[in-house]
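Observations on the three-dimensional arrangement
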Amino acid sequence: MEEGEKEAAVLAAAAGSVVESLVAAVEAIAAISDYRNAYKKQFCNLSRRIKLLAPMFEELKESMDPIPPRAVRALEKLNGALDSAKDLLRLGSEGSKIFLHPSQVELVHAQFKRAKERIETTDCELYADLSNVCHMNADARIDSAILQRLAEKLQLMTISDLKQESLALHEMVDASGDPGEVIEKMSVLLKRIKDFVQTQKPEMGTPMSAKVIPSHGTSKTPVVPDDFRCPISLELMGDPVIVSTGQTYEREFIKKWLEAGHNTCPKTQQRLSSTSLTPNYVLRSLIAQWCEANGMDLPKRPARTGKPLSVCSAGEHAKVADLLHKLSSQNLEDQRSAAGELRLLAKRNTDNRICIAEAGAIPLLVNLLSTQDVRTQEHAVTALLNVSIYEENKGKIIVSGAVPGIVHVLKRGSMEARENAAATLFSLSVVDRNKVIIGESGAIPPLVLLLSEGSQRGKKDAATALFNLCIYQGNKGKAVRAGVIQALMGLLTDPEGAMMDEALAIMAILSSHPDGKAAIRAVEALPMLVKVVRSGSPRNKENAAAVLVHLCNGEQQQQHLAELQEQGMMVPLQEMVESGTDRGKRKAAQLLDQMTRLMEQQKKAEAQAQALTQAPVDQPMDSASSAFTDL
């Protein structure tokens, strides 16, 4: 082939390639729809004009005439412009609605330098609202009328809209690898809109415009603490799980994130070392406590559809079957070694837990809880603990009648066995109905005993189990009668303070129960609680203030308020109102309100007493009597 022919062939190939790209770009743009409200007209106009080019590109594709080199270079530039337009239109269709701030769109318009941008009056108002809100401080109050306009114009009027918007923002962070100041501001704004929408209590999927929303009314709906919200959906979590970076998300949303092909943590952008999800039982218990304190229902976890099958190999199944055969034997050595191996297998991964339960190991392990061999008993209860980590296995363990055996180990086992028995009860009590079963089994007194005299790990395990069990109102009285308040005071006065957090969290739950309140008064806990409010951690201050609020209601109210006043608690409580946790602020405000009313009553009584001392000697007795009655 001559040199000229080679050059012509290369040019023809390049022309064919660029025309194919142009046709594909137009087809991709034609498939994009459902543009966001703020710039819907501009997006539709851009899309319509680009689609008008389709016939020309098709004609070029089918033409046998060569395309001049100069025209090929021009088409390559046009192809680049169409790629930019496609990215912009996808942003308008799939991207964050909040991100479609006028300044962002203007940058792209400047690149095209085509049509003069036209912003309608409603868009100008949206621009102004967005600009004002974005320049506010994070803690500044935003007028509800502005939030309503933003929600309506950005089409963030339902919970479904807000979920999609949150995912879109996280997609942007994932793409850039760095949240950046702009996206941080958008996240804050989205949270404000989400709080506003939830305050109005629209039904799932029902537009806010269908509701009557007061512009300046105040809502009694409690604000969900940030720690209890899923960073993706911004909703109160019902099934929180931990990823490998240590961050917690709602299971449903982090699963969707991972299934979409992402391998990073949405919040930190760190690469995930694995895609395993570990249930965050402690946080779920804290959320349940908060829901109870605020009169809200705990979000229901979505039902798992379909029965999951383990992916263990045939060899692994055979190994488990062999271990079960040994468990069933009368040979003590075989039982001990098999229970130990099942314990290790169940510790490794979810597939093993499913495989062990499906093979029928749970009833055999339960039978070994009553064995006299210490090591076998330790292996059996720990194997049940590890198997229970998989959610579906909890019900199987309960149905097998394991709870009495676990309580037996808790009472009479070695310290290691008692620790793991307490941890198993905690794991099982995550399911609400199991709290009742475990409470009625007699588990609470031995848990309180372990809390008092156990090893450091044993105390931790007992505390987490008691905390979870006492979320159920019927178990609170049982715990108080078992002496848990005295045990908690021992932990609170421990010089090392290693269990301060757990002790205060449990005491805060129990203080709402009449028996719990009476027991806390009996151990004279008030000075210790005052000390915590003065110098404790934010979370401990919150729980101490919660206990004080309950103590200062009902019997001996004035006595306790007077003690707080004498201790000079006005200033520490005012500091909590300004800088404490959300719940801590509310509790501190309640105490301040009660103390202020007491001071007003004292001033009134002093004024009346002073008036009596200055009254004439011959004042009638009935008037004096009436004055004392007013006191």
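Scoring rules and cut-offs
- Residues numbered from 1 in each chain as written.
- Predicted model: local features only at pLDDT ≥ 70, side-chain atom pairs only at ≥ 80, totals over all residues.
- Heavy atoms only, no water.
- UniProt positions renumbered as here; feature names shortened; annotations may be inferred.
- Helix = DSSP H or I, 4+ residues; strand = E, 2+ residues; numbered from the N terminus.
- Buried < 20%, exposed > 50% of the residue type's maximum accessible area, 1.4 Å probe, protein only.
- Contact = heavy atoms within 4.5 Å.
- Areas by Shrake-Rupley, 256 points an atom, 1.4 Å probe, with all protein chains shown as cover.
- Axes fitted to C-alpha atoms, helices over the stretch in contact; angles between N-to-C directions.
- Left-handed = near helix turned anticlockwise from the far one by under 90°.
- Core = buried A, V, L, I, M, F, W, Y, C linked by side-chain atoms within 4.5 Å.
- Domains from an automatic or database assignment.
- Phe/Tyr/Trp six-rings, centres within 6.5 Å; stacked < 30°, edge-to-face > 60°.
- Pairing = 2+ DSSP bridges.
- Parallel < 35°, antiparallel > 145°, perpendicular 65-115°, else oblique.
- Nonpolar A, V, L, I, M, F, W, Y, C, P; charged D, E, K, R; others polar.
- Salt bridge = Lys/Arg side-chain N within 4 Å of Asp/Glu carboxyl O.

- As annotated in an unreviewed UniProt entry, the protein is U-box domain-containing protein 12 from Ensete ventricosum.
- On record in UniProt, under Pathway (unreviewed entry), the comment for the protein is "Protein modification; protein ubiquitination."
- In its Catalytic activity (unreviewed entry) section, the UniProt record describing the protein reads: "S-ubiquitinyl-[E2 ubiquitin-conjugating enzyme]-L-cysteine + [acceptor protein]-L-lysine = [E2 ubiquitin-conjugating enzyme]-L-cysteine + N(6)-ubiquitinyl-[acceptor protein]-L-lysine."

1. Here's the deal with the overall build of the protein
- A count of helical and extended segments in the protein gives 32 helices and three strands.
- Within the protein, buried positions represent 46% of all 631 residues.
- Across the protein, the fraction of contacts at a sequence separation of at least 24, relative to all contacts at a separation of at least 6, is 70%.
- Accessible area of the protein: about 31,800 Å², with a carbon and sulfur share of 52%.

2. Quick word on the packing of helix H18 (residues 402-412) against helix H21 (residues 444-453)
- It is the contact of H18 with H21, at a shortest axis distance of 9 Å, that shows an interaxial angle of 35 degrees. Every pair of crossing elements has a handedness; the one defined by H18 and H21 is left-handed. Along its contact with H18, which presents Val-407, Leu-410 and Lys-411, the element H21 presents Pro-446, Leu-447 and Leu-450.

3. Some details on the nonpolar core
- Counting residues in hydrophobic clusters, the biggest one holds 121 residues, and the most contacted among them are Leu-451 and Leu-488.
- There are two domains that each give this core at least three residues, and those are domain 3 (226-294) and domain 4 (524-610).
- The contact partners of Leu-451, leaving out residues within four places of it in the chain, are Lys-459, Ala-462, Ala-463, Leu-466, Val-484, Ala-487, Leu-488, Leu-491 and Met-499.
- Counting 19 residues, the second largest nonpolar core, distinct from the first, contains Val-18, Leu-82, Ala-85 and Leu-88.

4. Things to note about the packing of aromatic side chains
- Scanning all chains against the criterion turns up one aromatic pair.
- Ring centres 6.2 Å apart and planes at 75 degrees place the aromatic pair Phe-228 and Trp-290 in the edge-to-face group. Taken together, the residues span a long stretch of sequence, with Phe-228 in the loop between helix H9 (180-199) and strand S1 (240-242) and Trp-290 in helix H11 (residues 281-293) at a distance of 62 residues.
- Since its relative accessible area comes to 6%, Phe-228 is described here as buried.

5. Considering the side chain of Arg-418
- By the element assignment, Arg-418 lies in helix H19 (residues 415-428).
- Setting aside residues up to four positions removed in sequence, Arg-418 forms contacts with Val-409, Leu-410, Gly-413, Leu-449, Leu-450 and Glu-453.

6. A look at H21
- Taken together, the buried positions of H21 are occupied by Ile-444, Pro-446, Leu-447, Val-448, Leu-450 and Leu-451.
- Contact partners of the buried residues in H21: H18, H19, helix H20 (432-440), helix H22 (456-469), helix H23 (473-481) and helix H24 (484-492).

7. Digging into helix H26 (residues 514-522)
- Buried within H26 are the following residues: Gly-516, Lys-517, Ala-519, Ile-520 and Arg-521.
- Taken from the residues just after H26, Glu-524 is the one with a positive phi, measuring 55 degrees.

8. Points about the sheet that holds strand S3 (residues 278-279)
- Across the sheet, three strands lie side by side as S2-S1-S3; this open sheet has antiparallel pairing. In this open sheet, the two edge strands, each paired with only one partner strand, are strand S2 (248-250) and S3.
- Strand direction decides the pairing type here: S1 and S3, joined by two bridges, are antiparallel. Counted as the bridge partner of Ile-242 is Thr-278 from S3.
- Sheet strands in contact with helix H10 (residues 251-259) are S1, S2 and S3, and its direction is about 95 degrees off that of S2.

9. Here we look at the side chain of Asp-461
- As for its position among the elements, Asp-461 is in helix H22.
- Judged by its relative accessible area of 13%, Asp-461 falls in the buried class.

10. Details of the packing of helix H29 (residues 557-566) against helix H31 (residues 582-613)
- It is the contact of H29 with H31, at a shortest axis distance of 10 Å, that shows an interaxial angle of 100 degrees. As summarised for this structure, H29 and H31 are arranged roughly perpendicular, according to the angle between their axes. For the pair H29 and H31, contact is made by Gln-557, Gln-558, Leu-561, Ala-562, Leu-564 and Gln-565 and by Leu-591, Gln-594, Met-595, Leu-598, Met-599, Gln-601 and Gln-602, respectively.
- Of the residues contributing to the contact of H29 with H31, the split by class is seven nonpolar, six polar and no charged.

11. Quick word on the pattern of salt bridges
- Scanning all chains against the criterion turns up 19 salt bridges.
- Where Arg-375 meets Glu-378, a salt bridge forms, and the shortest distance between an N and an O atom there is 2.4 Å. Highlighted residues: Arg-375 and Glu-378, both in helix H16 (residues 374-388), separated by three residues, approximately one helical turn.
- Judged by its relative accessible area of 37%, Arg-375 falls in the partly exposed class.
- Given the relative accessible area of 7%, Glu-378 is considered buried.
- Several salt bridges converge on common partners, so that one network encompasses Asp-227, Arg-539, Glu-542 and Arg-583.

12. Points about unusual backbone geometry
- Phi angles above zero are rare outside glycine, and Leu-234 is one such case at about 65 degrees.
- One can find Leu-234 in the loop between H9 and S1.
- Located in the positive-phi region is Gln-269, a residue other than glycine, with phi close to 65 degrees.

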